[in-house]
Amino acid sequence: MYLMCKVLFMLLISQVYSSPRKKSYSEIKSCNVGNLAEEIASYDSVVRDIMDYVVSGPFKRKTYNELEKFVDKFGARISGSQVLEDSIDYMIKLTQDEDFTDIVTEELEVPHWVREQEKITMLKPRSKNIAVLGLGTSISTPPEGVTADVVVFSNFEEFDKASIEDVKGKIVLFNPIFTTYHETSPYRTHGAARAAEKGAVASLIRSITPFSINSPHAGMQHYSENVTKIPTAAITLEDADLIKRFYNRGEKVVLNIKMHSSIETKTSRNTLIDLKGTKNPEKLVIVSGHIDSWDVGQGAMDDGGGLFVSWAAPIILKRLNLIPKRTVRAIFWTAEELGFEGVKAYKEKHKNESHNINFIMESDEGTFAPRGLSVAGTQEARCIIAEILKLFESINASTLIETDRPLSDIAFIVQNGIPGASLHNANEKYHWFHHTEGDTMNVENPEELDLCTAFWAAVAYIIADISVDIPR
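Computed from a predicted model, the values in this text were never measured in an experiment. (Residues numbered from 1 in each chain as written. Predicted model: local features only at pLDDT ≥ 70, side-chain atom pairs only at ≥ 80, totals over all residues. Heavy atoms only, no water.)

Let's talk about helix α5 (residues 82-96)
- Under the 1.5 Å per step criterion, the end-to-end length of α5 is 21 Å for 15 residues, consistent within 8% with the ideal 21 Å.
- Where α5 is concerned, the buried positions are Leu84, Glu85, Ser87, Ile88, Met91, Ile92, Leu94 and Thr95. (Helix = DSSP H or I, 4+ residues; strand = E, 2+ residues; numbered from the N terminus. Expected span 1.5 Å × (residues − 1). Buried < 20%, exposed > 50% of the residue type's maximum accessible area, 1.4 Å probe, protein only.)

Here is the structure:
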């Protein structure tokens, strides 16, 4: 049974990181929501009120200023760390200061992986230090490190054609050119397991990014059952391409990899904040973001912005006395980066209540200028959300993207047919900074964050208040 559960989990992980089937809403021809269109249009004045309050009124820069204080105070918030738990306490106190009492935390066990020494040295064809970041839960090397020749593959297809003799005893470098995150990230999540199947002693990946200033990108990887665990790490685009050039010229590339880390289990918490509905409080419209981050950078963009727009949604509605028929619940997921542990625990704990989730939203790919939503659900559900998005044409946030798997935590929820959406925003440079030391407040823009905040709160309110549930 355990093995079956593990296989199912790994299948879902691969779906989360694989390319979603997306298309522009303009391609959908059969939307007709009838009289509901007129009802939704009547929320135009509410949208304007929320926009005015956040963009030019008393809440202007509030989200940015609170995010700034939070990020400066706590910095990186790795799963299982005391810093993460202190940051959860901080968010609870910040919410209590807004006279909220419906705040619940739910404990769960999470991995606490600590990065210690990491060093890669090129020994041949010349001496050079290689910038490196070990991938999440990677095992350590022996104290003396691992020294071996490097073999380079541009993609899994090339690797699959290689014999075991080509790979055994060597360090495998996967060097795929970035296309999209969803297409390229499987080299990070599955590269070590694939390399180990053919006897590699370590694996490296070209960082999952289209741009670099010699900056490696961290991220999670997943070992397979019944396959030897090998050390695995990300290196920069610059070093990956240097190694490939040597390799293509037939020069032997020898690396020494020294990586040491520790892992243990700790207790953490999901945080739930409810703005109770007036008519159907048992029905939920969930807004969410994850509060943990990687141990590099400061977790401002991933996912401090998503955390704070979700925190702000019930706060703004309460301040404006906009109490919808259904409950708006903000959730701060814990331990997203090291395996989506928070959402898995929430799903299990609330499995008998999933029928009450009317809609679930998450922001985890930046809070740059909002462009709309990436929506999972039935055709009818998408039509209703598309009608709501028409109210945001003035800020260029009316686009609906169809997807079966909105990222990232909520992918575990929507797989059961629950409708949901992730924030679609102008994040063309998001993966420049993603999982790097560059994820700091310098990436955040206060005006764009205000727009995201207002958009997030207004969409949540309308979905929670309209006369019909979002259909499944």
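Next comes the rest of the account.
Section: the packing of aromatic side chains
- The tally for this structure, following the rule as stated, stands at 18 aromatic pairs.
- On the numbers, 6.1 Å between centres and 70° between planes, the contact of Tyr43 with Tyr461 is edge-to-face. With Tyr43 in the loop between α2 (36-41) and α3 (44-56) and Tyr461 in helix α16 (residues 446-465), the pair connects residues that are 418 residues apart, well separated along the chain.
- On the accessibility criterion, Tyr43 (7% relative accessible area) is buried.
- Seen from their ring centres, Phe70 and Tyr90 are 5.9 Å apart, and the 50° between their planes marks the pair as tilted. Here the residue Phe70 occupies a position in helix α4 (residues 62-74), and Tyr90 occupies one in helix α5, the gap between them amounting to 20 residues.
- Ring pairing ties together the aromatic residues Phe70, Phe74, Tyr90, Phe308 and Trp311, which thus form one cluster.
- Positioned over the ring face of Phe156 is Arg194, at 4.2 Å from the centre of the ring.
- One Lys or Arg, Lys318, reaches over the ring of Phe100 and ends 5.7 Å from the middle of that ring. (Phe/Tyr/Trp six-rings, centres within 6.5 Å; stacked < 30°, edge-to-face > 60°. Lys NZ or Arg CZ within 6 Å of the ring centre and 35° of its normal.)

Side note on the packing of α3 against α16
- One can describe the packing of α3 onto α16 by two numbers: an axis separation of 9 Å at closest approach and a directional angle of 150°. Judged by the angle between their axes, α3 and α16 are roughly antiparallel. As α3 packs across α16, the resulting crossing turns out to be right-handed. Between α3 and α16, the residues in contact are Val46, Val47, Ile50, Met51, Val54 and Val55 and Asp450, Leu451, Thr453, Ala454, Phe455, Ala457, Ala458, Tyr461 and Ile462, respectively.
- Grouping the constituent residues of the contact of α3 with α16 by class yields 13 nonpolar, one polar and one charged. (Axes fitted to C-alpha atoms, helices over the stretch in contact; angles between N-to-C directions. Parallel < 35°, antiparallel > 145°, perpendicular 65-115°, else oblique. Left-handed = near helix turned anticlockwise from the far one by under 90°. Contact = heavy atoms within 4.5 Å. Nonpolar A, V, L, I, M, F, W, Y, C, P; charged D, E, K, R; others polar.)

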